[in-house]
Amino acid sequence: LWLHLTWFKALIIRLLKKKGYNYYRNIIQLFDRIFTRYKEDSWFKSLFVRKVDPRKDAHANLLTKNEESNLYKIQFHNVKPECLDAYNKICEEILPAIHADKYYPCELVGTWNTWYGEQDQAVHLWRYRGGYPALTEVMTKLRENKEFVEYRKERGKMLLSRRNQLLLEFSFWNEPVPREGPNIYELRSYQLRPGTMIEWGNYWARAIGYRQHNSEAVGGFFSQIGNLYMVHHLWAYKDLQSRENTRNAAWQHEGWDEVVYYTVPLIQHMDSRIMIPTKASPLK
């Protein structure tokens, strides 16, 4: 590229000498400025391979409680509007039974219907103490559970679509525990720009301190399988007005504005769901 620019500059000089000194001088000065920028600007330097410090560990190990990391699964079920009541009923019959049975190394953290956001949607959050081996064990055992197999068959008739993600919890967030109600829950989901998860975690490790005053922080997670570089923050409020007051109060804490300022550019897309816990939910 440098040789091509040099050759092009020489050709222009020969062609423009016939058009007068002033015109020639202005063109040459323009080329000189381009050459200077070409040598000095960061965009030119970025064309070459740069040496970077190798990361010493995976994101998951840097952001989680390494010695006791739990694996979570979040499920999003889009239900046919006319089937939502029937769907909730069969979930209330099956999901708590799995949660209470020690034969399955998993726990139902919470189950909700969306109130504001995507309508006619159910959200389930499961915890697997023991990570991927526990998940595999549960899935294997459930395939042999006739009641669960029948539940899935009936559930399939009621759904328009479904998706899930496997998540890990941030080390600086609370672990979700059963909560008395009544509460509404907000699930704020952030699609981050690739490569920004560590930066996000560093800012929120400080920011979470500004959002603990009303015990609204329930849990914080990031995806491992499914949509990657996805973050979910789960909050609990008494009602929508309490949510408004709590969120406004955060701006009174010195430093919260800085966290927002520096984390917003890391986000590609964000979404908020207001959810109501079902009868089967440990998070009331």
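See the structure printed just above.
Conventions adopted
Residues numbered from 1 in each chain as written. Predicted model: local features only at pLDDT ≥ 70, side-chain atom pairs only at ≥ 80, totals over all residues. Heavy atoms only, no water. Helix = DSSP H or I, 4+ residues; strand = E, 2+ residues; numbered from the N terminus. Buried < 20%, exposed > 50% of the residue type's maximum accessible area, 1.4 Å probe, protein only. Contact = heavy atoms within 4.5 Å. Axes fitted to C-alpha atoms, helices over the stretch in contact; angles between N-to-C directions. Parallel < 35°, antiparallel > 145°, perpendicular 65-115°, else oblique. Left-handed = near helix turned anticlockwise from the far one by under 90°. Core = buried A, V, L, I, M, F, W, Y, C linked by side-chain atoms within 4.5 Å. Salt bridge = Lys/Arg side-chain N within 4 Å of Asp/Glu carboxyl O. Expected span 1.5 Å × (residues − 1). Arc of directions from axis to C-beta.

Draft legend 1. The environment of Leu84, seen in detail. Along the chain, Leu84 falls in helix H5 (residues 84-100). For Leu84, a relative accessible area of 16% corresponds to the buried category. Spatially, the C-alpha atom of Leu84 lies 7.8 Å from that of Met158, the residues being 74 residues apart in sequence. Look past the residues within four positions of Leu84 in its chain and what remains in contact with it is Val79, Asn113 and Asp120.

Draft legend 2. Representation of unusual backbone geometry. Going from Gly181 to Pro182, the amide bond is cis rather than trans, its omega being 5 degrees. Backbone geometry at Asp120 places phi at a positive 55 degrees, although glycine is not the residue there. Looking at where Asp120 falls in the secondary structure, it is placed in the loop between strand S2 (107-116) and strand S3 (121-128). In the Ramachandran plot, Tyr229 falls in the positive-phi region, its phi being about 55 degrees despite a non-glycine side chain. Topologically, Tyr229 is positioned in the loop between strand S6 (217-225) and strand S7 (230-237).

Draft legend 3. The packing of helix H8 (residues 197-207) against helix H10 (residues 256-263), seen in detail. Running from N to C, H8 and H10 point in directions that differ by 160 degrees, and their axes come no closer than 10 Å. Classified by the interaxial angle, the pair formed by H8 and H10 is roughly antiparallel. Considering the relative orientation of H8 and H10, their crossing is left-handed. Residues Trp200, Tyr203, Trp204, Arg206 and Ala207 of H8 pack against Trp256, Glu258, Val259, Tyr262 and Thr263 of H10.

Draft legend 4. Region of interest: the nonpolar core. Membership of the largest hydrophobic core comes to 50 residues, with the highest contact counts inside it found for Ile98, Tyr128, Phe170, Trp173, Trp200, Trp204 and Val231. The element that contributes the greatest number of residues to this core is H5, accounting for 7 residues. The residues contacting Trp200, other than those within four sequence positions of it, are Phe170, Tyr190, Leu192, Val231, His233, Thr263, Leu266 and Ile267. One finds Val109, Trp112, Leu187 and Val218 within the second-largest nonpolar core, a separate group that totals 16 residues.

Draft legend 5. Region of the structure containing the pattern of salt bridges. A complete count under the given rule lists 10 salt bridges for this structure. Between Glu175 and Arg129 there is a salt bridge, and its shortest N-O distance comes to 2.6 Å. Remark: Arg129 occurs in the loop between S3 and helix H6 (131-142) and Glu175 occurs in the loop between strand S4 (159-169) and strand S5 (184-192); sequence separation between them is 46 residues. Of the residues examined, Glu175 reaches a relative accessible area of 25% and is grouped as partly exposed. Exposure remark for Arg129: the relative accessible area of 39% places this residue in the partly exposed category. In this structure, the salt-bridge partner of Glu186 is Arg243, at a minimum N-O distance of 2.8 Å. Within this pair, whereas Glu186 is found in strand S5, its partner Arg243 is found in helix H9 (residues 240-250), the two being separated by 57 residues in sequence. Taken individually, Glu186 and Arg243 each receive the classification buried, so the pair is uniform in this respect. Among the charged side chains, a network of salt bridges with common partners joins Glu107, Arg127, Arg129 and Glu175.

Draft legend 6. Structural context of H6. With 12 residues, H6 should cover 16 Å at 1.5 Å per step; its first-to-last C-alpha distance of 17 Å lies within 8% of that length. Along H6, the residues classified as buried are Gly131, Ala134, Leu135, Val138, Lys141 and Leu142. Buried positions in H6, seen along its axis, are confined to an arc of 135 degrees and lie on one side of it. Here the buried face of H6 lies against strand S1 (71-79), H5, S3, helix H7 (146-158) and S4.

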